[in-house]
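What follows is each chain in one-letter form.
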Amino acid sequence: MIIIIGLPRSGTTMLGKIFSESGQCDYLEEPNVIWRYSNFRRYRHDEFSQEDARPEIVSFIRKWFRKRAGTKGVGVLVEKTPANVLRVDFVHKVFPDARFIFLQRPASDVKKSIIRLVSQKEDRNAELLDDKRILRSSRMRIQRFVDAPNFDKLAYVPMALNAFSGGLLFQAEKFWGPRPKSWKEMSALPLEEMVSRHVEAMSASFGNALETHRSRSLKVDYSDIVGNPQATLRDIEEFAGISLGSLPTWIPNSSKQ
């Protein structure tokens, strides 16, 4: 199993799309409600520790992933959920044999991308996927509600109703993205300061996790994927043990993400 670790807006969607299009792996995109099983209902944030990987939670998550692995008849499962950047030790406790691809992008670029998304509703990921943002966003919110375990569904009702109504039933939350423990305090700040604090918290978690799990990880720079994709994808292939096929023609355009 290979798990992509990276801040939101750092290229994880792009790398996931490369894996998905290869046809050589089973790819799961952002099953965050599964990683959150039970814990999110208790904490209302995404920052879990190893101690939060209680036996019943580990069992539930592993069972869910097993049901979705092997659907293409291949032996490699690849997953990406940006919120995992806040809980890599927890993820490792659930899947101790998993390997990680740490995808890094300059914090300043991540901040600009988040601010652009939140303030201007501009989603370059939707362009990358050739998918209209509002449709993609609503579809993912509804899918999260559908996938959420029954005991957790109540926490996702406002999100699902907002998706069904096109955002008319509830005021959209100002805070966007993975939720650190201090997300409520951050959400009270002006937009730029909130995003800056948010990215700093995620970057610190990213750095600590990379240091802790370096022996089973590959570190990839976003700039190398868009600037030197041929060599970078070969490194990823060697690490993953699968062929990613020919170089996708859309990669140069993803520098706009």
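Above this text is the structure in question.
Criteria and thresholds
- Residues numbered from 1 in each chain as written.
- Predicted model: local features only at pLDDT ≥ 70, side-chain atom pairs only at ≥ 80, totals over all residues.
- Heavy atoms only, no water.
- Salt bridge = Lys/Arg side-chain N within 4 Å of Asp/Glu carboxyl O.
- Helix = DSSP H or I, 4+ residues; strand = E, 2+ residues; numbered from the N terminus.
- Buried < 20%, exposed > 50% of the residue type's maximum accessible area, 1.4 Å probe, protein only.
- Expected span 1.5 Å × (residues − 1).
- Contact = heavy atoms within 4.5 Å.
- Axes fitted to C-alpha atoms, helices over the stretch in contact; angles between N-to-C directions.
- Parallel < 35°, antiparallel > 145°, perpendicular 65-115°, else oblique.
- Left-handed = near helix turned anticlockwise from the far one by under 90°.
- Nonpolar A, V, L, I, M, F, W, Y, C, P; charged D, E, K, R; others polar.
- Pairing = 2+ DSSP bridges.
- Core = buried A, V, L, I, M, F, W, Y, C linked by side-chain atoms within 4.5 Å.

Q: What is the right way to look at the pattern of salt bridges in this model?
A: Close approach of charged atoms allows side chains with opposite charge to pair. Under the counting rule described, the total for this entry stands at eight salt bridges. Arg-36 serves as the salt-bridge partner of Asp-46, at 2.6 Å between the closest nitrogen and oxygen. Of this pair, Asp-46 sits in the loop between helix 3 (39-43) and helix 4 (55-68) while Arg-36 sits in the loop between helix 2 (32-35) and helix 3; the two residues are ten residues apart in sequence, bridging distant segments of the chain. You can call Arg-36 buried: its relative accessible area is 8%. Via salt bridges that share partners, Arg-36, Asp-46 and Arg-87 belong to a single interconnected network.

Q: When you look at helix 11 (residues 191-212) in this model, what are you seeing that I'm missing?
A: Since one α-helical turn is 3.6 residues long, residues separated by three or four positions face the same way. Given a rise of 1.5 Å per residue, 22 residues ought to cover 32 Å, and the 32 Å separating the end C-alpha atoms of helix 11 matches this to within 8%. Every buried residue belonging to helix 11 is among Met-194, Val-195, Ser-196, His-198, Val-199, Met-202, Ser-205, Phe-206, Ala-209 and Leu-210, and all of these are buried. The elements touched by buried residues of helix 11 are strand 1 (2-5), helix 5 (88-94), strand 4 (99-104), helix 6 (107-120), helix 10 (183-187) and strand 5 (217-221).

Q: Could you clarify how one ought to interpret unusual backbone geometry in this entry?
A: Peptide bonds are trans in most cases, and residues, glycine excluded, mostly fall at negative phi. Although it is not a glycine, Arg-9 adopts a positive phi angle of roughly 70°. Within the fold, Arg-9 resides in the loop between strand 1 and helix 1 (12-22). Arg-9 gets classed as buried once you look at its relative accessible area, which sits at 5%. Even without being glycine, Arg-44 reaches a positive phi, approximately 60°.

Q: Got a minute to help me understand the packing of helix 6 against helix 11 in this structure?
A: Between two packed helices, both the angle of their axes relative to each other and the distance between the axes serve to describe the pair. Here helix 6 crosses helix 11 at 135°, and the two axes come no closer than 10 Å. The angle between helix 6 and helix 11 places the two elements in the oblique class. When the axes of helix 6 and helix 11 are compared, the crossing they make is right-handed. Packed against helix 6, whose contacting residues are Ala-107, Val-110, Lys-111, Ile-114, Ile-115, Val-118 and Ser-119, the element helix 11 presents Leu-191, Glu-192, Val-195, Ser-196, Val-199, Glu-200 and Ser-203 at the interface. By residue class, the composition of the contact of helix 6 with helix 11 is eight nonpolar, three polar and three charged.

Q: Whenever I open this one, the side chain of His-198 confuses me. Can you help?
A: Mapped onto the elements of the fold, His-198 is located in helix 11. Setting aside its immediate chain neighbours within four residues, His-198 contacts Phe-175, Trp-176, Gly-177, Pro-178, Pro-180 and Met-186.

Q: What is the right way to read the pairing of strand 4 from this model?
A: When a strand is regular, its side chains alternate between the sheet's two faces. Where strand 1 and strand 4 come together, four bridges link them in parallel fashion. Directly across from Ile-3, in strand 4, lies its bridge partner Phe-100. Both strand 4 and strand 5 contribute to a ladder of five bridges, which runs parallel. Within strand 5, the residue paired with Gln-104 across the bridge is Asp-221.

Q: How should the nonpolar core be read in this particular structure?
A: Taken as a class, soluble globular proteins show a tendency for nonpolar side chains to be buried jointly. Ile-5, Trp-35, Ile-61, Phe-65, Phe-90, Val-94 and Phe-102 are the most contacted members of the largest nonpolar core, which totals 41 residues. For this core, the secondary-structure elements that each account for two or more residues are strand 1, helix 2, helix 4, helix 5, strand 4, helix 6, helix 10 and helix 11. With seven residues, helix 11 is the largest single contributor of residues to this core. Excluding its chain neighbours within four sequence positions, the residues that come into contact with Phe-65 are Met-1, Leu-28, Pro-31, Ile-34, Trp-35, Leu-77, Glu-79 and Phe-95. With 24 residues, the next largest nonpolar core counts Ile-4, Ile-18, Phe-19 and Leu-233 among its residues.

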